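# Chains, contacts and geometry: an overview
Here are the chains, one letter per residue:
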Amino acid sequence: QVQLVETGGGSVQAGGSLRLSCSASGRASSAYGMGWFRQAPGEEREFVAAISWSGGSTDYGDSVKGRFTISRDNVENTIYLQMDNLQPSDTAVYYCAAEGIVGARDPNAFESWGRGTQVTVSS
């Protein structure tokens, strides 16, 4: 079992930046991939970014490429999401996910989830 806690959400103006963190604890049945998803009211959960825990390879959704950066700290068992040039369309609850298949973008491919952190971007 893996427990995930997200921090770093908040409110910013368009063009601003935030950094999210996700701390993992517990024992995982698999640890091939971790990532971030987001969900706005009335919308489906959207893939944002993913990273392989051991190798560090990354993958990004098209809507955030060039603006968001995912990274990891193996010592602290933490992943991060640096979000730059935020836009109102980025407003959503951001969820950390773990125990996923490397390369997967489907939320159903991830077994463990945090409770989410709100990101609000105003114009």
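Located above this text is the structure these notes cover.
A brief report on the enclosed structure follows. (Residues numbered from 1 in each chain as written. Predicted model: local features only at pLDDT ≥ 70, side-chain atom pairs only at ≥ 80, totals over all residues. Heavy atoms only, no water.)

Turning our eyes to something else, we now look at the pairing of strand β4 (residues 33-39). Of all seven residues that make up β4, six are buried, and the element is covered over most of its length. Two strands pair when backbone bridges link them, and β4 and strand β5 (residues 46-52) are joined in this way by six bridges, in the antiparallel orientation. Note on β5: the bridge partner recorded for Gly 33 is Ser 52. The turn linking β4 back onto β5 is made up of six residues, and Gly 42 within it adopts a positive phi angle of 80°. Alignment of β4 against strand β9 (residues 92-100), held across six bridges, turns out to be antiparallel. Within β9, the residue paired with Phe 37 across the bridge is Tyr 95. (Buried < 20%, exposed > 50% of the residue type's maximum accessible area, 1.4 Å probe, protein only. Helix = DSSP H or I, 4+ residues; strand = E, 2+ residues; numbered from the N terminus. Pairing = 2+ DSSP bridges.)

This part is about the sheet that holds strand β1 (residues 2-7). Taking strand neighbours across the sheet as the criterion, the four strands line up as β1-β3-β8-β7 in an open arrangement whose pairing is antiparallel. Each edge of the sheet is formed by a strand with only one pairing partner; in this case those strands are β1 and β7 (68-73). Strand-to-strand twist in this sheet, taken as the mean axis angle between neighbours without regard to direction, amounts to 20°. Pairing of β7 with strand β8 (residues 78-83) involves six bridges; the strand directions are antiparallel. Counted as the bridge partner of Thr 69 is Gln 82 from β8. (Axes fitted to C-alpha atoms, helices over the stretch in contact; angles between N-to-C directions.)

Function-wise, these values are silent; they only describe arrangement.
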